[in-house]
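Topology and contacts: notes
Read off the chains here:
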Amino acid sequence: MPEFFEEISGEYEAPLESSIPRSAKSHGNVGFYNNLRGINVVHGHVNSLSPKLREFVEKNVELCRPSQIHICDGSEAENIKLIRLMQSQGTVKPLPKYENCWLALTNPKDVARVESKTFICTEKKRDTVPQTKEGVKGTLGNWISPEDYEKEIQERFPGCMQGQTMYIVPFSMGPVGSPLAKYGVELTDSPYVVTSMRIMTRMGAEVLAALANNCDFVKALHSVGKPISGVQENPAWPCDPERVIILHKPAANEIVSYGSGYGGNSLLGKKCFALRIGSTIAKREGWLAEHMLILGITNPQGVKRYIVAAFPSACGKTNLAMLQPTLPGYKVECVGDDIAWMKFNPKTGKIHAINPENGFFGVAPGTSYETNPNAMNTIFANSVFTNVAATSDGGVFWEGMENEIEDNVVITDWHGKSWNKSKNYPAAHPNSRFCSPASQCPIIDPKWEDPEGVPIDAILFGGRRPTGVPLVYEAFDWEHGVFIGASMRSEATAAAEFKVRNLIENCITNGITKHKL
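Analysis parameters
Residues numbered from 1 in each chain as written. Predicted model: local features only at pLDDT ≥ 70, side-chain atom pairs only at ≥ 80, totals over all residues. Heavy atoms only, no water. Helix = DSSP H or I, 4+ residues; strand = E, 2+ residues; numbered from the N terminus. Buried < 20%, exposed > 50% of the residue type's maximum accessible area, 1.4 Å probe, protein only. Contact = heavy atoms within 4.5 Å. Core = buried A, V, L, I, M, F, W, Y, C linked by side-chain atoms within 4.5 Å. Axes fitted to C-alpha atoms, helices over the stretch in contact; angles between N-to-C directions. Left-handed = near helix turned anticlockwise from the far one by under 90°. Nonpolar A, V, L, I, M, F, W, Y, C, P; charged D, E, K, R; others polar. Salt bridge = Lys/Arg side-chain N within 4 Å of Asp/Glu carboxyl O. Pairing = 2+ DSSP bridges. Polar contact = N/O pair within 3.5 Å; in protein donor to acceptor, adjacent residues only side chain to side chain. pLDDT = per-residue confidence, 0-100. Phe/Tyr/Trp six-rings, centres within 6.5 Å; stacked < 30°, edge-to-face > 60°. Patch = residues over 30% accessible without salt bridge, like charges linked within 9 Å, V, L, I, M, F, W, Y side chains within 5 Å. Areas by Shrake-Rupley, 256 points an atom, 1.4 Å probe, with all protein chains shown as cover. Expected span 1.5 Å × (residues − 1). Bend = angle between axes of the 7 residues up to and from the residue.

1. Some details on the overall build of the chain
- Regarding its fold elements, the chain presents 12 helices and 29 strands.
- Out of the 517 residues belonging to the chain, those deemed buried represent 53%.
- Pairs at least 24 residues apart make up 71% of the contacts formed inside the chain by residues separated by at least 6 positions.

Put into structure tokens, the structure is as follows:
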């Protein structure tokens, strides 16, 4: 990977005064040295921020008080600098067995989505969670009042970025310019988040240019946090696990996340935007944001159909999305493995779907050349691996790869300890991940970035149910299908912080069910 060791010329240089637009010169906060609220912008220029975006940034610069500001452009040069920075901090290390791949090991207390500390803020509780009897705690989500929402922010965020860089990450969920796409901006103090968002979303200068017309966007604020003691337990992976909280305010299209650097809690374009805020936008605008894979199936006669399929995390969506057919003459192509945004298309009379993401954030354990060769042929270039084991030949290992490494290869588990197959505990965390560009998938569908989306012919619901239900069954009609989807149950997995393998139900309230019908 010689490109990562090439010398890149210095940081951003402030433009000559003659090159700064008159509007920027006249703005009280800009000045000649390119700053916001007195904080230097070391990469990019404040001129590139629309008035709405600038207001959002200034408000949170005042709150978080970073030492400097970096406006992300999404370029390869920028990514190289961030990787180099994370190497120096011990956050990532190179994996020389592969092309441009990196390994991150988190604080053991920061390994999964924290559903118990994830809240939706609405004026009325019944708009967020089903009503329960007095004294009974519901299991389908958490509500927080607007007053408590602000209180939680003020208890955590003031000054939380002191000594750190605030990165401004403009991103698009869906192809830039697509009628189904939506824009967002994440403010974060984590270079790991920036690098991962570059893989998982369309991120950088093109989106910043699309925001120049002062359009609305989803506002996302993230900080890895600073413990009350002021001491980070693991400086290479800063976090504040005792005070983690993830907040959503649908009415304001706002996401706030504090205390965790783990992907599901910090890559705010994923579940936070694409599903939680996305589903509320969809309800207002008349479309659907769903936890579904999208794939195309072509039969031996050349007829192609697209389907979407809803499974909980770690229940096989990626494996199905990248299926290798065993039936002669059939072909499967992948549009997306996790999230689908769907809207009725009057031109075709069908629901059309896009994959709002740009990459795969897949569960590593169980993925192998035996179970998912297409995934394995996708992930070993330009990828970030998190909490997997490392091998002495510069590669990675997780459960499922036992037959794919040489006997003389030494394995180091995700805790940094020597490991071998005789151990009675896993080498990789059960929720360890790969973060890889979707464009590298060998069976990526030619229409995966079609701005109009692909036409959907069927919807599949599934999960982990080893007993008690038929393996496959079909709904009588669309209304019955909505009922089945709303009432399905699945075993819990390692993708969230459940302690036991209990059954979890779909989080569908009465209002959402009506919307789907």
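Read on, since the account is not over.
2. Some words on the nonpolar core
- With 51 residues, the main nonpolar core has Phe-385 and Trp-398 as its most contacted residues.
- Where this core is concerned, the elements lending two or more residues are strand E15 (292-298), strand E16 (304-310), strand E17 (331-336), strand E18 (340-345), helix H10 (373-379), strand E22 (389-391), strand E23 (396-397) and strand E27 (454-461).
- Ranked by residue count, the leading element in this core is E16, at 5 residues.
- Apart from the residues lying within four places of it in its own chain, the contact partners of Trp-398 are Ala-364, Pro-365, Gly-366, Thr-367, Met-376, Ile-379, Phe-380, Phe-385, Val-388 and Ala-428.

3. So, the packing of helix H3 (residues 76-89) against helix H5 (residues 191-200)
- The interhelical angle for the contact between H3 and H5, taken along N-to-C directions, is 140 degrees, at an axis separation of 10 Å. H5 is crossed by H3, and the crossing has left-handed handedness. For the pair H3 and H5, the contacting residues are Glu-76, Asn-79, Leu-82, Ile-83, Leu-85, Met-86 and Gln-89 in the first and Pro-191, Tyr-192, Val-194, Thr-195 and Arg-198 in the second.
- By residue class, the composition of the contact of H3 with H5 is 7 nonpolar, 3 polar and 2 charged.

4. Here we look at the pattern of salt bridges
- Tallying each qualifying case throughout the model produces 23 salt bridges.
- In this structure, a network of salt bridges that share partners links the residues Lys-270, Lys-271, Lys-317, Asp-338 and Glu-357.

5. A closer look at the sheet that holds E18
- Taken together, 7 strands build an open sheet; the order of strands is E14-E18-E19-E27-E16-E15-E17 and the sheet is mixed. Of all the strands in the sheet, the pair left with one neighbour each is strand E14 (288-290) and E17. The average undirected angle you get between the axes of adjacent strands in this sheet is 40 degrees.
- Where E15 meets E16, 7 bridges bridge the pair, whose relative direction is antiparallel. Looking across to E16, one finds that Leu-293 is bridged to Ala-309.

6. Examining unusual backbone geometry
- Within the chain, Arg-37 stands out as a residue other than glycine whose phi angle is a positive 50 degrees.
- Look at Arg-65: it is not a glycine, yet its phi comes out positive at around 50 degrees.
- By the secondary structure assignment, Arg-65 is in the loop between helix H2 (51-64) and strand E3 (68-71).
- Residue classification places Arg-65 among the partly exposed positions, given a relative accessible area of 30%.

7. Overview of the side chain of Lys-317
- In this fold, Lys-317 is placed in helix H9 (residues 317-321).
- At 3.2 Å, the side chain of Lys-317 forms a polar contact with the backbone oxygen of Phe-311.
- In contact with Lys-317, not counting residues within four places along its chain, are His-291, Leu-293, Ala-309, Phe-311, Pro-312, Asp-337 and Asp-338.

8. Overview of the confidence of the model for the chain
- On average, residues of the chain carry a pLDDT of 89, and 88% of them reach 70 or more.
- For residues 498-510, every residue scores under 50 in pLDDT, and the model assigns this stretch 31 contacts once sequence neighbours within four places are set aside.

9. Structural notes on the sheet that holds strand E4 (residues 92-94)
- The mixed open sheet is built from 5 strands, whose spatial order is E4-E5-E21-E26-E20. Whereas interior strands pair on both sides, the edge strands pair on one side only; in this sheet they are E4 and strand E20 (359-363). Averaged over all pairs of adjacent strands, the angle between strand axes in this sheet comes to 20 degrees, irrespective of strand direction.
- Relative to strand E26 (residues 433-437), E20 runs antiparallel, the two being bridged by 5 bridges.

10. As for the packing of aromatic side chains
- Under the definition given, this model contains 13 aromatic pairs.
- Taken together, a centroid distance of 5.8 Å and an interplanar angle of 65 degrees make the contact between Phe-171 and Phe-273 edge-to-face. With Phe-171 in strand E8 (residues 165-173) and Phe-273 in helix H8 (residues 269-285), this pair connects stretches of sequence that are 102 residues apart. Here Phe-171 and Phe-273 have matching classes, each one buried.
- With a centroid separation of 5.5 Å and an interplanar angle of 40 degrees, the aromatic rings of Phe-397 and Trp-419 are classed as tilted. You can see Phe-397 sitting in strand E23 and its partner Trp-419 sitting in strand E25 (residues 418-419), a full 22 residues away along the chain.
- Among the residues examined, Phe-397 registers a relative accessible area of 0% and is labelled buried.

11. Concerning a nonpolar patch on the surface
- Residues Ile-459, Phe-461 and Trp-478 make up a contiguous nonpolar surface patch of roughly 300 Å² in combined accessible area.
- Of note, Ile-459 is situated in strand E27.
- For Ile-459, a relative accessible area of 31% translates into the label partly exposed.

12. Let's talk about the pairing of E18
- When E14 meets E18, the two strands line up antiparallel, connected through 3 bridges. In the sheet register, Leu-288 faces E18, and the bridge partner there is Met-342.
- Pairing of E18 with strand E19 (residues 350-354), which is carried by 5 bridges, proceeds in the antiparallel orientation. Paired with Asn-345 across the bridge in E19 is Lys-350.
- In this structure, the hairpin formed by E18 and E19 is closed by a connection of 4 residues, where Gly-349 is found at a positive phi of approximately 75 degrees.

13. Notes on the pairing of E17
- Among the 6 residues of E17, 5 are classified as buried, and the element is accordingly described as predominantly covered.
- Across 5 bridges, the pairing between E15 and E17 is antiparallel. Its bridge partner being in E17, Leu-295 is matched across the sheet by Cys-334.

14. What about H8?
- Given a rise of 1.5 Å per residue, 17 residues ought to cover 24 Å, yet the end C-alpha atoms of H8 are separated by just 19 Å, more than 12% below that figure.
- Along H8, the helix axis deviates most sharply at Gly-278, where the bend reaches about 45 degrees.
- Counting buried positions along H8 gives 12 out of 17 residues, so the element sits mostly inside the fold.
- Buried within H8 are the following residues: Gly-269, Lys-270, Lys-271, Cys-272, Phe-273, Ala-274, Leu-275, Arg-276, Ile-277, Gly-278, Ile-281 and Ala-282.
- In the stretch just after H8, Gly-286 is the one whose phi turns positive, near 90 degrees.

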